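# Secondary and tertiary structure notes
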Amino acid sequence: MDKLADIGVIGLAVMGENLILNMESKGFRVACHNRTVDKVDAFLAGRGQGKNLIGCRTLEELVASLERPRRIMFMVRAGAAVDQLIDALEPMLEPGDILVDGGNSSYLDTTRRCTDLAAKGLLYVGAGVSGGEEGALLGPSIMPGGNAQAWPALKPIFQAIAAKVADGTPCCDWVGPDGSGHFVKMVHNGIEYGDMQLICEAYHLLSQGLGMSADQIQPIFAAWNTRELDSYLIEITADILGHVDPESGTPTVDLILDTAGQKGTGKWTSQVGLDLGVAIPQIAEAVFARFLSAIKDERVAAGPYLSGPGKAASQGSDGDMSAVVDQLEKAVYAAKICSYAQGFQLLRAASMEYGWNLNFGEIALLWREGCIIRARFLGTIKEAYDADPDLANLVLAPYFREVLAGAQAAWRTVLKTAVDLGVPAPVMAASLCYYDGYRCERLPANLLQAQRDYFGAHTYERVDKPRGEFFHTNWTGTGGETASSTYNV
Ligand code: ATR
């Protein structure tokens, strides 16, 4: 047989094919397999033609064509497909062989698979891969975690194919044990939901609120992309707004139905926020905004019955557009800072809960290039965590504190404008509520605890007594003195 392959990849869908071509372009010999075998033939005869690849029609062929220890990467649909592949491959593998799941698997599944396979001597890794089709081909962000013994064998391949920051550092490094790589990818996607919705809210305010057309809004995003908001998502938004439908001459964005789809990673992030007890309202609101968009028929039916502020309010903002646009830029940046702060709080909570010892500055670097949320701003986040790895919250880093203080007036004005115009801005509103809540020394939870104690004898702690002592008041004089237990979920 010819020279053995450095790595095997299973799954010739969009991400798999491009990742294989990326690996091959960096000098690696790749064995390729797909469940529907015709796709192997089609790939080898098409984009893979003449390349340093081995087409494998069966899993047995794939296993036999690999250098030892074998490195096999799955680029298949998350869920049952991954377990089926593991079950099918396991009898053919030897201790020390490495399986990598490069799909969007649940981090809990990855943790389970790591543990199960470690008991059998196999090294399992869950690697988040972000960057879409182009990233996979030219340099994605890769977030590997799991069995650390696998890392020395994967590092040369993964770091060669990953995106690089300006100084050449790859956007790929070992994240931590268990499903931590997939967890970091999940949070990346949650943040991506928040960023996208925030941009959409700015667009909505400019279009519906202020009556601007797509070609008037386009240069605004293009200009934002030259300053602090410089990022892939702002860049593609400017591109999208400039695109004209060749048939009708209408901006393409105006022709697209306003119902959003989702593949579930934002929902997972929100669910994990609830499970770990971390406030990530911007990510959750971004998911809810997609749900609300999806019930288009209901919205269209409800519109005539539910009154808004009407034309009068929007006439008030006909004045100086450039002042509004400047304020909006500041508001979007402030909201973005709060959104990332929430994402990193979730990472921090998971790191503590699972003992992962995550390095937040390194995670910011993994997202600096290659992935969908890549942005100049992530370099600033890395600097903040490098300066203080134990930072309690990103909003407390000196640079971000200053930006938030400077943006505050504009941020509040923009939200007032949105409210006055009746334009929904749930993620931006959630950002300011998070900021105001996080900096608030005394929240109204004193009253909330009183309510809980009133109707359920749930007890409360007192400001004039040490923490951990619980009290119950017989509020009506008719209730008993028996208090409920004080557990929290
Ligand atoms: P995309 O990158 O296009 O989003 P995906 O839906 O995440 O792709 O994954 C599709 C890949 O998973 C395909 O390679 C598919 O194989 P087929 O071409 O045979 O459909 C693969 N896949 C899905 N279920 C699988 C299973 N049970 N076993 C093996 N591969 C499977």
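Whatever comes next refers back to the structure up there.
So, a few notes on the structure that sits alongside this text. Worth saying up front: this structure is predicted, and the values here are computed from it rather than measured.

Calculation notes
- Sequence order as written defines residue numbering, which begins from 1 separately in each chain.
- Under the rules for a predicted model, residues below a pLDDT of 70 receive no local features and side-chain atom pairs below 80 are neither given nor counted, while totals for whole chains, interfaces and linings still include all residues.
- By convention in this description, side-chain values take in all heavy atoms of the structure and omit both hydrogens and water.
- Patches draw on residues past 30% relative accessible area with no salt bridge. Two like charges within 9 Å are joined, as are two nonpolar side chains (Val, Leu, Ile, Met, Phe, Trp, Tyr) within 5 Å.
- Accessible surface area values rest on a Shrake-Rupley calculation with a 1.4 Å probe, where residue burial reflects the displayed protein chains alone.
- A pair is scored as a salt bridge if a Lys or Arg side-chain nitrogen falls within 4 Å of a carboxyl oxygen belonging to Asp or Glu.
- Each helix is a run of H or I in the DSSP string that is no shorter than four residues. Each strand is a run of E no shorter than two, and both are numbered from the N terminus.
- The length a helix should cover is 1.5 Å for every residue beyond the first.
- The classification of residues rests on relative accessible area computed with a 1.4 Å probe and restricted to protein chains. Under 20% of the type maximum is buried, over 50% is exposed, and intermediate values are partly exposed.
- What we call a nonpolar core is a set of buried Ala, Val, Leu, Ile, Met, Phe, Trp, Tyr and Cys residues that are connected through their side-chain atoms within 4.5 Å.
- Whether two residues are in contact is decided by their heavy atoms: any pair within 4.5 Å suffices.
- We call a residue near a molecule or strand when any one of its heavy atoms sits within 4 Å of it.
- Contacts described as polar in this section are N or O atom pairs within 3.5 Å, which, within protein, must combine one atom able to donate a hydrogen with one able to accept it, while residues neighboring in sequence count only if both atoms come from side chains.
- Ten residue types, Ala, Val, Leu, Ile, Met, Phe, Trp, Tyr, Cys and Pro, are classed as nonpolar, four, Asp, Glu, Lys and Arg, as charged, and the remainder, Gly among them, as polar.

### Topic: a nonpolar patch on the surface
A surface patch of nonpolar side chains, amounting to about 400 Å² of accessible area, comprises Y454, F455 and W475. The residue F455 is located in helix α21 (residues 445–456) in this model.

### Considerations on helix α16 (residues 321–354)
A rise of 1.5 Å per residue sets the reference length of α16, with its 34 residues, at 50 Å; its end C-alpha atoms lie 49 Å apart and thus fit the reference within 8%. Of all 34 residues that make up α16, 24 are buried, and the element is covered over most of its length. Looking one or two places after α16, you find G355, whose phi comes out positive at around 65°.

### Things to note about the nonpolar core
Where a protein is soluble and globular, its nonpolar side chains tend to be buried together. Among the nonpolar cores identified, the biggest contains 86 residues, and W367, W411 and M428 are the most heavily contacted of them. It is α16 that provides the largest number of residues to this core, a total of 17 residues. In contact with M428, other than residues within four places in its own chain, are L198, E201, L328, A331, V332, A335, W411, V414 and L415. One finds I7, V9, L19 and I20 within the second-largest nonpolar core, a separate group that totals 31 residues.

### Structural notes on unusual backbone geometry
Of note, the amide linkage connecting R68 to P69 takes the cis form, showing an omega dihedral of -10°. With a phi close to 55°, D178 is a non-glycine residue in the positive phi region. Along the chain, D178 falls in the loop between α7 (151–161) and α8 (180–209). Using a relative accessible area of 25% as the deciding quantity, one classes D178 as partly exposed. Notably, T459 is not glycine yet its phi reads approximately 70°, a positive angle. For T459, the location among the structural elements is in the segment after α21. Relative accessible area serves as the criterion here: at 4%, T459 is assigned to the buried category.

### Some remarks on the site of the ligand
Taken together, 14 residues lie near the ligand, and N34, R35, T36, K39 and Q84 sit nearest. Between the ligand and K39 there is a distance of 2.6 Å, counted from an oxygen atom to a side-chain nitrogen or oxygen. At a separation of 3.1 Å, an oxygen atom of the ligand approaches a polar side-chain atom of R77. Taking 650 Å² as the accessible area of the ligand by itself, protein coverage stands at 77%. Those elements giving two or more residues to the shell around the ligand turn out to be α1 (14–25) and α4 (80–89). The class makeup of the residues in the shell around the ligand is six nonpolar, four polar and four charged.

### Notes on the pattern of salt bridges
All told, the structure shown has 23 salt bridges when counted by the stated rule. Between R57 and D41 there is a salt bridge whose closest N-O contact spans 2.6 Å. Here D41 lies in helix α2 (residues 38–45) and R57 lies in the loop between β3 (53–55) and α3 (59–64), a separation of 16 residues in the sequence. Among the residues examined, D41 registers a relative accessible area of 34% and is labelled partly exposed. Taken together, the shared-partner salt bridges in this structure form one network comprising D83, D101, D109, R112 and R113.

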